[in-house]
Amino acid sequence: MKKDFLCLSDWSGEELEEILDFARKLKTKRKQGEDHPLLAGKTLAMIFEKSSTRTRISFEAGMYQLGGHALFLDPGTTQIGRGEPLKDTARVLSRYLDGIMIRTFAQKDVEELAKWSDIPIINGLTDRYHPCQLMADLLTVMERRTDFRSLTYCWIGDGNNMANSWINAAAAFGFELRVATPPGYEPDQEVVAHAGRRGAHVSYGHDPFQAARGAHVLNTDVWASMGQESEQQERQKAFAGFQINRELVREADPEWMLLHCLPAHRGEEVTDEILESKQSVVFDQAENRLHVQKAILSRLMA
Ligand code: CP
Ligand code: NVA
């Protein structure tokens, strides 16, 4: 039966770790100049209803490195943007392709696509989740800390798709996660409840300093995500005090590392100084999108 990659909580911690181990192997091989044509002759379509640099290019390069082909689909120049039902698109594309990656707004649209297609569907970001990004984030931490399960992670900022995905990751891997958001910007309550039922060690609050105290991994993201541009000014006010800066990192473990999925708004959620510091691992994190996605593609499509 086909398996999709829609949300981390559809996968067990062991399964996710297997994908991450494979990503490490693929990364090592790539660095040695070796690629394996695991997806020779296979085609992945990539549907983007929102902008992207990292996701689009890493999936496209990743498919090429695996011997396959990636096809960029712009809703504006396909019938998708003219209202053809997703269930029809899903059934038609299933007859041509071997997988679909989609970046869109509603998680339910990704689920609808998965329900009606015979080929694996990968979530390349929705308003609710960004699971491929989380895999890259976890690989970045694992490369530095073999004790990644016993570290303390904090999320400072918006309770958005990234925060929700971190909560799912905490549930899958059992590490401690502290989430600090301004009041009114908490993570999705269904995600919170689901993680609670799985026994996840996640705390929620409104004090970034408390969340950062002794933390090993500091994490943030933009204050206004794609689709929330009109709220930018209002959010800038609400998020004042939620910046990762020199004062905040002083609270953290001396060996802290900064993660940010990028793109970043320097001077808002993080200062330029911290983003450019030696303890910022954001460009390795961005690179790891390529390696983990190759592992996900291989797991689903090979
Ligand atoms: N982090 C991330 O998903 O970046 P893009 O929006 O550039 O794909
Ligand atoms: N939360 C951000 C992540 C971008 C990669 C957004 O959804 O725009």
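A few points on the structure. Quick caveat, the model's predicted, so the values are computed rather than measured.

A look at helix 7 (residues 189-197)
Among all positions of helix 7, only V191, V192 and A195 are buried. Buried residues of helix 7 fall within an arc of 100° about the axis and therefore sit on the same side. In helix 7, those exposed residues whose orientation departs by more than 90 degrees from the buried face are Q189, E190 and R197. The secondary structure elements touched by the buried residues of helix 7 are helix 6 (161-173) and strand 7 (201-205).

Thoughts on the site of ligand 2
Lining the immediate environment of ligand 2, one finds L125, N160, N161, D221, S225, M226, C261 and L262. N161 is positioned with one of its side-chain polar atoms (N or O) 2.8 Å from an oxygen atom of ligand 2. Side-chain polar atom of D221 to a nitrogen atom of ligand 2: 2.6 Å apart, as the coordinates give it. For ligand 2, whose free accessible area comes to 270 Å², the fraction covered by protein is 94%. Classifying every residue of the shell around ligand 2 by side-chain character gives four nonpolar, three polar and one charged.

Quick word on the site of ligand 1
Surveying the vicinity of ligand 1 reveals the residues S52, T53, R54, T55, R103, H130, Q133, C261, L262 and R289. In the model, an oxygen atom of ligand 1 is placed 2.8 Å from a nitrogen or oxygen of the R103 side chain. Within the side chain of R289, an N or O atom sits 3.1 Å from an oxygen atom of ligand 1. When isolated, ligand 1 has an accessible area of 250 Å², and the protein chains bury 95% of it.

Points about the packing of aromatic side chains
What characterises a pair of aromatic rings is the spacing of the ring centres plus the angle enclosed by the ring planes. Using the criterion set out here, one finds nine aromatic pairs in the structure. Seen from their ring centres, Y185 and F239 are 4.8 Å apart, and the 55° between their planes marks the pair as tilted. Pair noted here: Y185 is in the loop between strand 6 (176-180) and helix 7 and F239 is in the loop between helix 9 (232-238) and helix 10 (246-249), with a separation of 54 residues, a long-range link. The exposure classification of Y185 matches that of F239, with both residues buried. An aromatic cluster is built from Y185, W223, F239 and F242, whose rings are joined through pairwise contacts. Across from the ring centre of W11, 4.3 Å away, lies the NZ or CZ of K3, which sits over that ring.

Considering unusual backbone geometry
Cis peptide bonds are those with omega within 30 degrees of zero, and the linkage from L262 to P263 qualifies with 5°. Its place among the elements puts P263 in the loop between strand 9 (257-260) and helix 11 (272-275). A positive phi angle, close to 120°, is found at L125, a residue other than glycine. Inspection of the secondary structure assignment puts L125 in the loop between strand 4 (121-123) and helix 5 (131-144).

Some details on the environment of A180
Its place among the elements puts A180 in strand 6. Judged by relative accessible area, A180 falls into the buried class, the value being 1%. Between the alpha carbons of A180 and A212 there is a distance of 8.9 Å; along the sequence they are 32 residues apart. Setting aside its immediate chain neighbours within four residues, A180 contacts W155, I156, G157, G205, D207, P208, A211 and F242.

Each value, and the rule that gives it
- Residues numbered from 1 in each chain as written.
- Chains lettered and ligands numbered in written order.
- Predicted model: local features only at pLDDT ≥ 70, side-chain atom pairs only at ≥ 80, totals over all residues.
- Heavy atoms only, no water.
- Buried < 20%, exposed > 50% of the residue type's maximum accessible area, 1.4 Å probe, protein only.
- Helix = DSSP H or I, 4+ residues; strand = E, 2+ residues; numbered from the N terminus.
- Arc of directions from axis to C-beta.
- Contact = heavy atoms within 4.5 Å.
- Near = heavy atom within 4 Å.
- Polar contact = N/O pair within 3.5 Å; in protein donor to acceptor, adjacent residues only side chain to side chain.
- Areas by Shrake-Rupley, 256 points an atom, 1.4 Å probe, with all protein chains shown as cover.
- Nonpolar A, V, L, I, M, F, W, Y, C, P; charged D, E, K, R; others polar.
- Phe/Tyr/Trp six-rings, centres within 6.5 Å; stacked < 30°, edge-to-face > 60°.
- Lys NZ or Arg CZ within 6 Å of the ring centre and 35° of its normal.

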